[in-house]
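# What the coordinates show
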Amino acid sequence: MSTNEDIGAIFEEMATLLELTGANGFRVNAHTKVARVVEGLASDLGDIARGEKAMAELQKLDGIGKSSAEKIVAFVANGAVPELDELRAAVPDGLRTVMQVPGLGPKTVRRFWQEASVESLADLEAALADGRLEALPRMGRKTIDNIRASIDFMKSAGDRRRLGVALPLAERVVAVMEAVPGMRQVAWAGSLRRGQETIGDVDILVSTDDPEAASAAFREQPGVSRVLVAGETKSSVRLEEGIQVDLRVVPEEVWGATLLYFTGSKDHNVALRERAIARGLRLNEYGLFPEDDEAAPPQQRGIAPVAASSEAEIYEALELPWIPPELRVDRDEFDRAIPEDLITVESIRAELHSHTTASDGRLSIDELAEAAMAAGREILAITDHSRSSAQANGLDVDRLRRHADAIREADARIDGIRLLAGSEVDIHADGSLDYEDDVLASLDVVVASPHASLRQEPAVATARLCAAARHPLVSIIGHPTGRIIGSRKGLEPDIEAVIAAAIEGGTALEINSNPLRLDLRDIHVRAAVDDGCLISINTDAHRAEHLQYLRYGVLTGRRGRLEAEGCINAWEPDRLLAWLARGR
DNA sequence: GCCGTTTTCGGCCCGACTGTTTTCAGTCG
């Protein structure tokens with residue numbers, strides 16, 4: 001785990017343990033915020049938190065004060081935080097799992113702990129079985145049943161879902177809702193709209209002439225395994241896939257306010273509401289209202305909103321430009337100019353990383369060219385694996401040369417798309433490449449990627465990737481860390497050093513769009529873009545349908561503030577070809 | 001615990017839904 005992830009996890013854990021001890025909620029939130037800020041940093045806190053100016057440097061970060069800075073310094077110096085150790089001693093470890101049961105929060109878990117000796121998930125199940133919990137005040141039959149069902153769900157379902165699973169599922173639900181009579185608008189919101197790499201649940205928003213029909217259709221749609229919430233404007237269901245989907249039904253005139261609220265992030269919303277308060281306004285999911293210090297919600301008292309129908313007019317009333325959903329994270333989106341030409345799927349003209357049957361792909365050269373053309377690409381680089389990737393049927397030099405000839409023959413024969421002969425060349429553990437330079441020089445495109453030795457020490461990984469990035473014949477560093485979301489951590493290089501080497505070597509860093517990878521990840525893209533490093537968004541297609549992964553890579557690029565100018569795949573074809581040909 | 005374009009102290013976002021209880025606490029997003 002990287003230092004930043006370690007520290008983020010520590011503050012998350014402290015927040016949970018503090019909640020269980022009954023600490024002040026704002027203090028709990030402060031810890032959660034530190035975790036989020038730390039995990040969003042591209043640069044390594046291990047470096048910042050050493051040296052004489054560590055305390056001052058750390059406290060420059062938003063949300064980190066003296067107390068948190070001291071904890072970070074202590075952790076980096078000694079690998080331990082005394083306050084955390086004290087909390088761990090005071091609160092049974094198993095309660096952290098109990099807190100993860102949907103519907104159980106700190107108050108309830110604390111009661112179970114104090115009043116029924118529940119100290120773990122196993123204790124909780126035993127207490128449910130022997131009736132200890134039912135004996136507690138305010139613990140009825142339904143609550144007990146819900147807790148049982150939640151435990152079953154937690155055991156069966158995994159954690160968060162990958163973007164590539166959740167987005168097609170959201171499209172399915174949206175199609176169901178669009179078919180309901182009286183429907184006016186349907187959209188997905190939440191972390192899905194923000195393009196996060198993993199999704200907790202899917203949020204669907206509709207405006208309609210017939211709210212009852214909409215809610216009914218939602219709860220009765222195919223694939224619902226359990227209805228969790230069934231209100232007038234809000235419903236939640238769990239699908240057979242194990243994912244929760246929330247529906248919100250709103251009048252069309254407050255569409256913008258609800259879409260804004262439902263898109264989040266939560267922290268972005270909180271920041272917007274604070275901004276509203278500072279301007280004598282009050283923001284909720286029904287609109288932006290004048291503040292009149294009445295407790296009851298303004299929309300229930302017939303107060304007219306200042307803005308409600310569109311997100312843009314609400315931002316405008318708060319003296320902000322419309323902020324693209326992918327940038328709504330409560331980091332610096334209020335202070336920095338919004339990128340004018342954020343990358344879009346439509347602006348991508350070239351696919352520069354793909355595989356055929358020559359290595360481990362499923363399509364021939366002609367079939368892949370056809371699929372790429374159908375997907376709207378004007379340039380396709382075919383980059384089968386190099387010889388060391390034996391498990392992927394990597395090409396030795398002879399096969400590579402014949403394959404390159406075949407690609408160029410196809411390029412001459414096929415109209416409508418430019419085919420480039422390339423290779424996805426293994427970066428060896430020591431940073432050397434899998435083919436000799438004369439072989440690399442004979443290709444149109446070289447994507448250099450790490451495939452093996454993905455558990456190297458960070459310093460070794462940094463040297464390895466920097467060497468490849470500086471190599472004059474390398475065009476792109478493919479999936480730079482080699483991570484697989486949720487299952488393989490991959491390399492943990494000093495990303496700033498890799499970015500510097502890529503700039504120096506005139507090499508682009510890839511956003512691999514495969515939803516299992518999304519590598520570079522969003523915060524690394526952001527660091528690269530801020531430094532002026534070129535980015536390449538590719539699908540790494542092994543099949544025709546993989547070309548559709550592009551949208552996931554684009555969302556990741558947008559989260560990293562990537563504009564079309566900084567993405568070589570969006571360049572004019574002649575410009576891209578000239579760039580690829582440099583030094584060859 | 002953090003923070004300051006009225007603040008170094010006193011605030012800290014807002015509403016829907018559920019369950020259990022007759023007015024609201026807890027959870028969630």
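Residues numbered from 1 in each chain as written. Chains lettered and ligands numbered in written order. Predicted model: local features only at pLDDT ≥ 70, side-chain atom pairs only at ≥ 80, totals over all residues. Heavy atoms only, no water.

With that settled, consider the environment of Val176. Topologically, Val176 is positioned in helix α11 (residues 163-178). Overall, Val176 belongs to the partly exposed group, its relative accessible area being 25%. Along the primary structure Val176 and Gln221 are separated by 45 residues, whereas in three dimensions their C-alpha atoms are 7.2 Å apart. Setting aside its immediate chain neighbours within four residues, Val176 contacts Ala217 and Gln221. (Helix = DSSP H or I, 4+ residues; strand = E, 2+ residues; numbered from the N terminus. Buried < 20%, exposed > 50% of the residue type's maximum accessible area, 1.4 Å probe, protein only. Contact = heavy atoms within 4.5 Å.)

Near DNA strand B there are 49 residues, and of these Gly63, Gly65, Thr108, Gly140 and Arg273 occur at the shortest range. If you look at DNA strand B and keep only atoms within 4 Å of the protein, 76% of those are sugar or phosphate atoms. Residue Arg27 places a side-chain N or O atom 3.5 Å away from a sugar or linking oxygen belonging to DNA strand B. Here a base nitrogen of DNA strand B and a side-chain polar atom of Tyr261 are 3.1 Å apart. (Near = heavy atom within 4 Å. Polar contact = N/O pair within 3.5 Å; in protein donor to acceptor, adjacent residues only side chain to side chain.)

This part is about unusual backbone geometry. Between Gly264 and the following residue, Ser265, the backbone shows a cis peptide bond with an omega angle of 0 degrees. Here Ser265 is to be found in the loop between α14 (255-263) and α15 (266-278). Residue Leu520 is reached from Asp519 by a cis peptide bond, and omega for that bond is 10 degrees. Note that Leu520 resides in the loop between β15 (508-512) and α22 (522-531).

So, about α14. Of all the 9 residues making up α14, 8 are buried; the element is thus mostly covered by neighbouring parts of the structure. Looking one or two residues beyond α14, the residue adopting positive phi is Gly264, at roughly 70 degrees.

Here we come to the side chain of Ser475. Within the secondary structure layout, Ser475 lies in the loop between α20 (458-470) and β14 (476-477). Residue classification places Ser475 among the buried positions, given a relative accessible area of 1%. Those residues in contact with Ser475, other than ones at most four positions away along the chain, are Val445, Val446, Thr507, Ala508, Trp579, Leu580 and Arg584.

Strand residues, when the strand is regular, have side chains that alternate between the two faces of the sheet. In this sheet, strand β9 (residues 287-290) lies alongside strand β8 (residues 281-284) in antiparallel orientation, the contact comprising 4 bridges. Bridging across to β9, Arg282 finds its partner in Phe289. Counting the residues between successive antiparallel strands, the hairpin from β8 to β9 contains 2 residues. (Pairing = 2+ DSSP bridges.)

On to the sheet that holds strand β16 (residues 535-538), then. What the 7 strands build is an open sheet, ordered β10-β11-β12-β13-β14-β15-β16; its pairing is parallel. Both edges of this open sheet fall to β10 (350-351) and β16, since each of them pairs with a single strand only. Packing of helix α18 (residues 397-413) onto the sheet brings it into contact with β11 (379-385) and β12 (418-426), and relative to β12 it is tilted by some 160 degrees. (Axes fitted to C-alpha atoms, helices over the stretch in contact; angles between N-to-C directions.)

This brings us to the sheet that holds strand β5 (residues 224-230). Spatial ordering of the open sheet is given by β2-β4-β7-β6-β5, a layout of 5 strands whose pairing is mixed. Each edge of the open sheet carries a strand with a single partner, namely β2 (183-188) and β5. Each strand of the sheet is rotated relative to its neighbour by a mean of 20 degrees, with strand direction disregarded. Here 6 bridges tie strand β4 (residues 202-208) to strand β7 (residues 244-250), and the two strands are oriented parallel to one another. What sits directly across from Ile204, in β7, is Leu247. Each of β2, β4 and β7 touches α14; the most contacted strand, β4, lies at about 175 degrees to it.

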